[in-house]
Every structure is written in structure tokens, then in C-alpha cells.
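# Understanding the architecture of this molecule
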Amino acid sequence: MKFDRSKSLGGSDVAAIMGLSKYRSGMHVAAEKLGEPLEVVDPEENRFVYWGLRLESTLLDVYAEKVGLKTPTGRMKRKHSVVVPEPRHHESETWAHASPDGIVTTPGGSWGVEIKTASAYRAVDWGPEGSSEIPAYYMTQCLWYMWIFDLDRWDLAVLIGGNDFRIYTIQRDEKVEGNINLLAVRARNWWIDHIVNGHPVPVKGTEADGKALKLLFPEGCDESVEAPEQVLGWVR
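To start, this report covers the structure provided alongside it. (Residues numbered from 1 in each chain as written. Predicted model: local features only at pLDDT ≥ 70, side-chain atom pairs only at ≥ 80, totals over all residues. Heavy atoms only, no water.)

### Considering the sheet that holds strand 4 (residues 102-106)
Strand order in this open sheet of five strands is 1-4-5-6-7, and the pairing throughout is mixed. Unpaired on one side and paired on the other, strand 1 (81-83) and strand 7 (164-171) mark the two borders of the sheet. The mean inter-strand angle of the sheet, taken between neighbouring strand axes irrespective of direction, is 25 degrees. Packing against the sheet, helix 3 (residues 47-66) makes contact with strand 1, strand 4, strand 5 (109-118), strand 6 (153-160) and strand 7, and its axis sits at approximately 135 degrees to strand 5. (Pairing = 2+ DSSP bridges. Helix = DSSP H or I, 4+ residues; strand = E, 2+ residues; numbered from the N terminus. Axes fitted to C-alpha atoms, helices over the stretch in contact; angles between N-to-C directions. Contact = heavy atoms within 4.5 Å.)

### Concerning the pairing of strand 5
Across the 10 residues of strand 5, seven count as buried, placing the element largely inside the fold. Here strand 4 pairs with strand 5 via five bridges, running antiparallel. In the strand pairing of strand 5, Thr106 is matched with Gly109. Counting the residues between successive antiparallel strands, the hairpin from strand 4 to strand 5 contains two residues. Where strand 5 lies against strand 6, seven bridges are found, and the strand directions are parallel. Among the inter-strand pairings, Ala118 is bridged to a residue of strand 6, identified as Ile160. In this region the chain leaves strand 5, passes through helix 4 (residues 136-149) and returns to the parallel neighbour strand 6; the handedness of that crossover is right-handed. (Buried < 20%, exposed > 50% of the residue type's maximum accessible area, 1.4 Å probe, protein only. Right-handed = clockwise from strand over helix to strand, strands pointing away.)

### A closer look at the side chain of Ser25
Here Ser25 shows up in the loop between helix 1 (11-17) and helix 2 (26-33). Under the relative-accessibility criterion, Ser25 is labelled buried at 3%. A polar atom in the side chain of Ser25 sits 3.1 Å from the backbone nitrogen of Met27. Apart from residues no more than four positions distant in its own chain, Ser25 is found in contact with Ala16, Ala208, Asp209 and Ala212. (Polar contact = N/O pair within 3.5 Å; in protein donor to acceptor, adjacent residues only side chain to side chain.)

Here it is in C-alpha cells:
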């Protein structure tokens, strides 16, 4: 049976509700979870999404070679594996799910891996290879997956500009643990407030909020309305 992502929050959902996505806002996520999606994106109509998905398995294979999971002849080493796992819910928080790109298993332990592609124009967003300096949107996803799969390491492999392949590593330490816990608490509160209790998602003025509002009100409104004194006080 196909996994129903509309009944819980996934990694990209959490990044969106935290205001870290340029394309989706909390309004997009709430509408989707409440059964009234604002838009349906066809991967074949979005060339960035399309090529990201098409290259995923190839880049996962390159990652396996780079981190030493394979022999020089290209065969997977004995007792080493990297597999694409089935989506899963958190063991006790059923409103949270994860669908990572890969889980690595070796005699020395297991960890997760996420695969990304990025434009050469966004190379400035990425730190030195081997560090954990990745865009906040992707960091949120990795922390989310670490929480749900209960793993202490998560790698992110990215192909930048079509020819710059890098691997970043996030290791669970006191700071990372604190960020994971904070993320889980904020996401849980959001779910209860806006999905369980049905309170409207506030507009934060982000680019993604603007996209959501255009979908909600495609015809717009040319009429000007004078703001009441109370509202003027909020912005002064």
C-alpha cells in the first residue's frame, strides 16, 4: 500500500513550516495535510525537480564509491550496503514521517545519506567539503531524519553545477541533539495548532507566503482599505 504523506509531516514539510523554503510555506503544508492542496507539482514539468530525481540513484552510487563502500572493481564490499528505505513514521510520534534517500549499513555502524543537486550559482551557500556547513533548509531535513531513524550520523552528498561533487557530514553531539529536540517540539506544536485544532497559519511575509496567497486569491483586489489604529500600532 502506498505511503500516505498527507497524514503527517515529512522533512521538506518541516523546512517549509519553519520558513526556510522559497517555494512552500506553512500555508501550503497545512492545505495539503487538510486535504485541500493549493497546487500539485508534476515533477516532469519542473526541470529542477525532474533532473534531481533522475540523478538520485546515480549520485547515490557515486557516494557509495567515495565513502569506500565499494571495492576498486565497483562491487559492494561484504557486509556493506546502502539502500533506499521505505518511508516510516516516528516510533511514538505518528504525525511525523521520514523518507530519506539512503541508509548505509557497515560492520562499524549505520548512518543516513541525503542526495541533492544544486546550481553553480548557489555554490556560495555551501561550506568546505567534509564540514556540516550546508543550507538551513537541508540541515532541517537531515536533523528530522536523524530524529525519526534514531541515527547519530547523517551525510549529505551534493552535485553542484553538474561537476562539483561534495560530501558533508552531520554528527550528533550536544548542540545537534538540542537542535533536533527543538525542531521536534516546534513541529509538534505546529501540527497540533494548525492541523489538529485547525487554527489558520499566520502570514510571515516570506516569498513562499506570497506564492501561497496568489494561489488562494488569484484575482487579487485593487481596493485600498485604511488600516485601523490598532494595526498601525503594530507596525510603528
